[in-house]
Amino acid sequence: MLEMTKIRAERDEIITALKKRNIDVTETIDAIIAKDQQWRSAKTSMESITSELNKIAKEIGEFFKSGKAAEAEAAKAKTADLKLEEQQLKTEVDTLENEITQLLYQIPNVPNSLVVAGKSEEDNETIEVVGEPAVLHNKAVPHWELTKKFDLIDFELGVKITGAGFPVYRGKGAKLQRALIQFFLDEAEKAGYEEFVVPHVVNEASAYGTGQLPDKEGQMYHMPVDDLYMIPTAEVPLTNIYRDVVLPDENFSIKMTGYTPCFRREAGSYGAHVRGLNRLHQFDKVEIVRIEHPKNTDRALTEMINHVKGLLEKLGLHYRILRLCGGDTGFASAMTYDFEVYSAAQEKWLEVSSCSRFDTFQANRLKLRFKGSDKKKNYLAHTLNGSALALPRIMASIMENYQTLDGIEIPEVLHKYTGFTRID
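Residues numbered from 1 in each chain as written. Predicted model: local features only at pLDDT ≥ 70, side-chain atom pairs only at ≥ 80, totals over all residues. Heavy atoms only, no water.

A. View of the pattern of salt bridges. Summed over the entire model, instances satisfying the criterion amount to 24 salt bridges. Close ionic contact of Asp-215 with Lys-216 constitutes a salt bridge, the shortest N to O distance being 3.0 Å. A relative accessible area of 27% means that Lys-216 is categorised as partly exposed. What you see here is one network of salt bridges that share partners, running through Arg-290, Glu-292, Arg-299 and Glu-303. (Salt bridge = Lys/Arg side-chain N within 4 Å of Asp/Glu carboxyl O. Buried < 20%, exposed > 50% of the residue type's maximum accessible area, 1.4 Å probe, protein only.)

B. Fine view of helix H7 (residues 171–190). With 20 residues, H7 should cover 28 Å at 1.5 Å per step; its first-to-last C-alpha distance of 29 Å lies within 8% of that length. Along H7, the residues that are buried comprise Gly-173, Leu-176, Gln-177, Ala-179, Leu-180, Ile-181, Phe-183, Phe-184, Leu-185, Glu-187 and Ala-188. Remark: Gly-192 follows H7 within two positions and exhibits a positive phi of approximately 95°. (Helix = DSSP H or I, 4+ residues; strand = E, 2+ residues; numbered from the N terminus. Expected span 1.5 Å × (residues − 1).)

C. Region of interest: a negative patch on the surface. On the surface, a cluster of negative charge is made up of Glu-204, Glu-217, Asp-226 and Asp-227. Note on placement: Asp-227 falls in the loop between strand S6 (222–223) and strand S7 (228–230). We classify Asp-227 as partly exposed; its relative accessible area is 33%. (Patch = residues over 30% accessible without salt bridge, like charges linked within 9 Å, V, L, I, M, F, W, Y side chains within 5 Å. Areas by Shrake-Rupley, 256 points an atom, 1.4 Å probe, with all protein chains shown as cover. Lys, Arg positive; Asp, Glu negative; His and termini not counted. Charge placed at Lys NZ, Arg CZ, Asp CG, Glu CD.)

D. Expanded view of the sheet that holds strand S8 (residues 246–247). Pairing is mixed across the open sheet formed by 3 strands, whose spatial order is S8-S14-S15. On the outer flanks of this sheet lie S8 and strand S15 (378–380), each paired with one strand and no other. By the bridge criterion, 3 bridges tie strand S14 (residues 369–371) to S15 in an arrangement that is antiparallel. Along S15, the bridge assignment pairs Arg-369 with Leu-380. (Pairing = 2+ DSSP bridges.)

E. Region of the structure containing the environment of Val-245. Checked against the element boundaries, Val-245 lands in the loop between helix H9 (235–240) and S8. Val-245 has contacts with Lys-367, Leu-368 and Arg-369, leaving out every residue within four places of it along the chain. (Contact = heavy atoms within 4.5 Å.)

F. Spotlight on the side chain of Ser-333. Within the secondary structure, Ser-333 sits in the loop between strand S11 (319–323) and strand S12 (335–343). For Ser-333, a relative accessible area of 2% gives the class buried. Sequence-distant contacts of Ser-333, defined by excluding residues within four places in its chain, comprise Arg-21, Asn-109, Ser-356, Arg-357 and Phe-358.

G. Representation of the side chain of Lys-20. Considering the arrangement of structural elements, one finds Lys-20 in the loop between helix H2 (11–18) and helix H3 (26–65). Within the buried core, Lys-20 has no salt-bridge partner, and the shortest N-O distance to an opposite charge, that of Glu-125, equals 8.8 Å. The residues contacting Lys-20, other than those within four sequence positions of it, are Pro-111, Asn-112, Ser-113, Val-115, Ala-117, Gly-118, Gly-326 and Gly-327.

H. Examining the environment of Phe-263 more closely. Among the structural elements, Phe-263 can be located in strand S9 (residues 253–263). In the structure, Phe-263 is positioned 63 residues away from His-200 in sequence and 9.1 Å away in space, judged by C-alpha atoms. Aside from chain neighbours lying at most four places away, what touches Phe-263 is Gln-219, Tyr-221, Met-230, Ile-231, Pro-232, His-281 and Gln-282.

I. A look at the sheet that holds strand S5 (residues 201–203). Read from one edge of the open sheet, 3 strands run S5-S7-S6, paired in antiparallel fashion. Strand pairing shows two members of the sheet lacking a second neighbour, S5 and S6, which therefore form its edges. Bridging between S5 and S7 involves 3 bridges; their strand directions are antiparallel. Within S7, the residue paired with Val-202 across the bridge is Tyr-229.

J. Spotlight on the packing of H7 against helix H10 (residues 297–314). Viewed as axis vectors pointing N to C, H7 and H10 meet at an angle of 135°, and their least axial separation amounts to 11 Å. With respect to H10, the element H7 is oriented oblique. The crossing of H7 and H10 is right-handed. The segment H7 lies against H10, with Phe-183, Phe-184, Glu-187 and Ala-188 engaging His-307, Leu-311 and Lys-314. Taken together, the residues that form the contact of H7 with H10 break down as 4 nonpolar, 1 polar and 2 charged. (Axes fitted to C-alpha atoms, helices over the stretch in contact; angles between N-to-C directions. Parallel < 35°, antiparallel > 145°, perpendicular 65-115°, else oblique. Left-handed = near helix turned anticlockwise from the far one by under 90°. Nonpolar A, V, L, I, M, F, W, Y, C, P; charged D, E, K, R; others polar.)

K. Geometry of H3. In a regular helix each residue adds 1.5 Å, so 40 residues correspond to 58 Å; H3 covers 59 Å between its end C-alpha atoms and thus fits that length. Within the span of H3, buried status applies to Thr-28, Ile-29, Ile-32, Ile-33, Asp-36, Trp-39, Ala-42, Met-46, Ile-49, Leu-53, Ile-56 and Ile-60. Against helix H1 (4–9), H2 and helix H4 (69–104) lie the buried residues of H3. In the segment just after H3, Gly-67 is the residue with positive phi, at about 75°.

Next up, the structure:
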């Protein structure tokens, strides 16, 4: 959520910057500013009346002490009208505050200056390409055929039990999945991230806090009876650990990691491009989350990007890094870098990670702040997160790029986790 102080001070700059996302927020911004002026006027009047009531209350006490009962009763009568007016103003203030908040929820984060304008993924910038495509034998097949051939993942059984997009991992497929999760967690721990085991469902406040609501309401699995949401990523519970928290000073750099299953409805996802593991309703992911002082955000994002690069290089996968254009950048993100690995069997790039900086956007919703050096004023922290890594397409890439005529080789870095070096 954008800060009201910035909207007041930087109206034109915000409207211009958000055009990178191909949206015109002029009408909404002006409505917010108009309601904010009404809110401030009503709040000033309310506070003035409250002050007057406090003054009269003291006078009434003095009248009674002095035996001036008539004057005391007259003063009490005067307060009745003032209290009614105070309550009316309080209702107006609360109503305006809610209306402003609902309008603010409609506005996405302002793109970073490095983000270029663009309409779709076709306009994303390629920042770096690492490695070369795997050279496969002439009988190479995509992962959905490999999983069936070697009894690694049963998609049909998942449909029977639940529905499409909920695969069942079995045998060495299950062990490879578990090995990757442990590898990613171990690497995060080495990089200084504290591991958390968090709930897989969150309340509405948590979903609003990180920006999933109201923007992605249609993509989240909702349990109406309990009014809880299944998490689309560990980012949501991890970041919400610090909702309504004021950090005691400026000396902080909080690094968290967690493995969770992730649940996404992915409404409207059909066709060959979502076959097999390419897009699922339930999948596993290791997430890294950072809470930083604003002066450290650039460095933190670079460290996160390098961390993901290190994972992909240890797995021996050919990958590229994209900086997303305005039209493809997520609602809450100020800037996002996507990592894609190349599937030589499918002859396409598969997204496996996104590293994003949110600046104060999430922190403003979360009321996540820190005390300044004077210990008097509070400031909004910055939040960042990244996939390190999402499992399905990494699994697909390993199976496809490491396939041989009679099996699948396992990347050396995983041998100590799997207990086997190949699938055959």
